[in-house]
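# Reading the structure
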Amino acid sequence: MWLDLVARLARRLRGAPGARGGFLVPSRRRRGTPKIDVRRVGHRFGNEVVALRDVNIEVHAGEFVCLVGPSGCGKTTLLYALAGHLDPSGGRISIDGVRVKGPGPDRLLVFQEPALFPWLSVRQNVMFPLRAQGLSRAEADRRAREFISLVHLDGFEDTLSHQLSGGMRMRVQLARALALDPAVLLMDEPFAALDAQTRSHMHVLLQRIWLRDRKTVVFVTHDVREALVLGDRVVVMAARPGRVLHDLEVRLPRPRDPDDEALVELSRQVRDELRRAEGEGAPPPGGAEEEGDARLAEDRGARDRPAADLGAPL
Amino acid sequence: MLADGRLLHAAARSLGRLAQGYLLSAAIGVPLGVVMARRPGVNAALRPVVLGLQALPSICWLPLAILWFGLSEIAILFVVVMGSLLAIAIATEDAVCGIDPVLLRVAGTLGIRRVRFVAGVLLPAALPGVLTGLKLGWSFAWRALMAGELLFVAGGLGQLLQAGREVLDAAQVMGVMVAIVAIGVLIDRVLFRVLELRVRRRWGLAEAV
């Protein structure tokens, strides 16, 4: 039944009107060591709720990967596990081959709330973590100004964060994260609390910055269109238990316009698919991956595991 | 009394003592509060003791202080410290526990740790609450000092009050009482109020006027 569903989706996506040449195709496994390797990660909260089950994702350096799915699909849990703020109860997450243990300066988490230090000015907010990393005052100041200017906040260097608008605060947070030059940027629904107009400005800004720096980004969102605008790859997740439904590659030229016809059509398809997956309930235990994915074969063992340990209600 | 400088002299003596005792209890109370908030083990061990002792009026420490330290300045400092330390520690603990968890998480992800974390994130984030505790601690210290000086002959405003009673000079008694109130109001309403308002404004907790 499940494979059938996957096959149907694959057919739909390939045969879709927007799929001339395929704008959205199942992503293929790439060669080389991935930057971020998520292997058979599972997590449950208090031995009851299965937040993640058998999640496998590879992210390569310079990729922009969006995790999209309904609330409760474990996308934020997965992101926090990547950041090291949470230790998954099963599986392994490694970055550059090194297992993630605790937060580290190589990957920065950007929050939905601006999370600025309210007693510091914009410039001091950007400078503070730079100084903590041992940069000299002059160097930290120079970098702070550079990145404040990158997010178009020139002239607001000495403003306090509560005197800024929501979008401006988010830009300060972005500048603060980028100034630290992390190898990996982990973003937890950073624009969800912004109004539509500001959000689309942020999309343009983030795309421009990403095209400039080509950082590895893992971006969590519940907004399918946002994921399609920003991501090279869109990992579609489903809830109860949190699992990967599809791993899709977005082949639309950048910079992308959220009102682009093809993009709107693709987002409608993905949303339909998500709704259908939710309607049909949980699939049989085991890896939920694209057909033809090499990982499926590896996960056969997991498939045969009894369902007793999956936290079913009494 | 005012003319012959006795009042001024006594007030200076009291304030000097207060400053010593108060600084000491702030220096112990704030770190104690931070540790209690951040270390569950310490909290479990100390919280019942701290809350229990808070119910004890500070002047009740005087007999013990005299037994331990004799009729010395240290005894009266001890009373002042015991009077304000716990209030400061409890308020600091509350303030640190009440810090927005997002700020703590962001500090973690930005790689801010140890001394820089405590001095640069924890204390500033808790400062509005800590300040309230310091204000409360100050008024406790002031009361403890006056009570101590009344019972304990060592100069200062409290003793001047007692001296007024002994020579049946109601005017002196009332004059000293007014002085005690005036100093209390001055520091509480002027110094702390201004400080608190400035911090709250900078932290974005109060509307800038």
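Thresholds, definitions, all that
- Along each chain, the written sequence defines residue order, and numbers are assigned to residues from 1.
- Here the convention is simple: chains get letters from A, ligands get numbers from 1, in the order in which they are written.
- For this predicted model, a pLDDT threshold of at least 70 governs which residues receive local features, and a threshold of 80 or more governs which side-chain atom pairs are given and counted, while totals over whole chains, interfaces and linings are taken from all residues.
- Criterion used throughout: strands pair if DSSP finds at least two bridges between them.
- Every helix listed is a DSSP run of H or I at least four residues long, and every strand listed is a run of E at least two residues long, numbered separately from the N terminus.
- Any residue whose C-beta has 12 or fewer other C-beta atoms within 10 Å is treated as exposed, any with 20 or more as buried, and any in between as partly exposed, C-beta atoms being built from the backbone.
- Axis definition: a line fitted to C-alpha atoms, over the contacting stretch in the case of helices. Angles run 0 to 180 degrees between N-to-C directions.
- Under this scheme an angle from 65 to 115 degrees is roughly perpendicular, one under 35 degrees roughly parallel, and one over 145 degrees roughly antiparallel; angles in between are oblique.
- With the far helix as reference, a near helix turned anticlockwise by less than a right angle produces a left-handed crossing, and one turned clockwise produces a right-handed crossing.
- Distance between backbone-placed C-beta atoms decides contact: two residues are in contact if it is within 7 Å.

### Structural notes on the sheet that holds strand 5 (residues 90–95) of chain A
Across a sheet, paired strands are connected by hydrogen bonds in the backbone, their directions being either parallel or antiparallel. Residues and elements named next belong to chain A. Sheet architecture is open: four strands sit in the order 3-2-5-6, paired in antiparallel fashion. Single-partner strands in this sheet number two, and they are strand 3 (49–59) and strand 6 (98–99). Looking at chain direction, strand 2 (residues 36–45) and strand 3 are connected through seven bridges and run antiparallel. The residue bridging Phe-45 from the neighbouring strand is Val-49, located in strand 3.

### Remarks on the pairing of strand 10 (residues 233–238) of chain A
Consecutive side chains along a regular strand alternate between the two faces of the sheet. Residue and element names in this part refer to chain A. Here strand 10 lies mainly inside the structure; six of its six residues are buried. Alternating positions in strand 10 separate into two faces, Arg-233, Val-235 and Met-237 on one and Val-234, Val-236 and Ala-238 on the other, with burial throughout. By the bridge criterion, four bridges tie strand 4 (residues 64–68) to strand 10 in an arrangement that is parallel. Residue pairing in the sheet places Val-68 in a bridge with Val-236 of strand 10. Where strand 10 meets strand 11 (residues 243–250), six bridges bridge the pair, whose relative direction is antiparallel. When the bridges of strand 11 are listed, Ala-238 appears paired with Arg-243.

### As for the packing of helix 4 (residues 137–150) of chain A against helix 5 (residues 166–179) of chain A
For any two helices packed against each other, the geometry comes down to the angle between their axes and how far apart the axes lie. All names here are of chain A. Two numbers describe how helix 4 lies on helix 5: the axes approach to 9 Å, and their chain directions differ by 135 degrees. With respect to helix 5, the element helix 4 is oriented oblique. In the packing of helix 4 onto helix 5, the handedness of the crossing is right-handed. Touching Arg-143, Ala-144, Phe-147, Ile-148 and Leu-150 of helix 4 are Ala-175, Leu-178 and Ala-179, all from helix 5.

### Section: the interface of chain B and chain A
In this complex, chain B contributes 15 residues to the contact, which on the side of chain A involves 19 residues. Secondary structure elements with two or more residues in the side of chain B that touches chain A: helix 5 (101–109) and helix 6 (114–151) of chain B. Broken down by element, the residue count for the side of chain B that touches chain A peaks at six residues, all from helix 5 of chain B.

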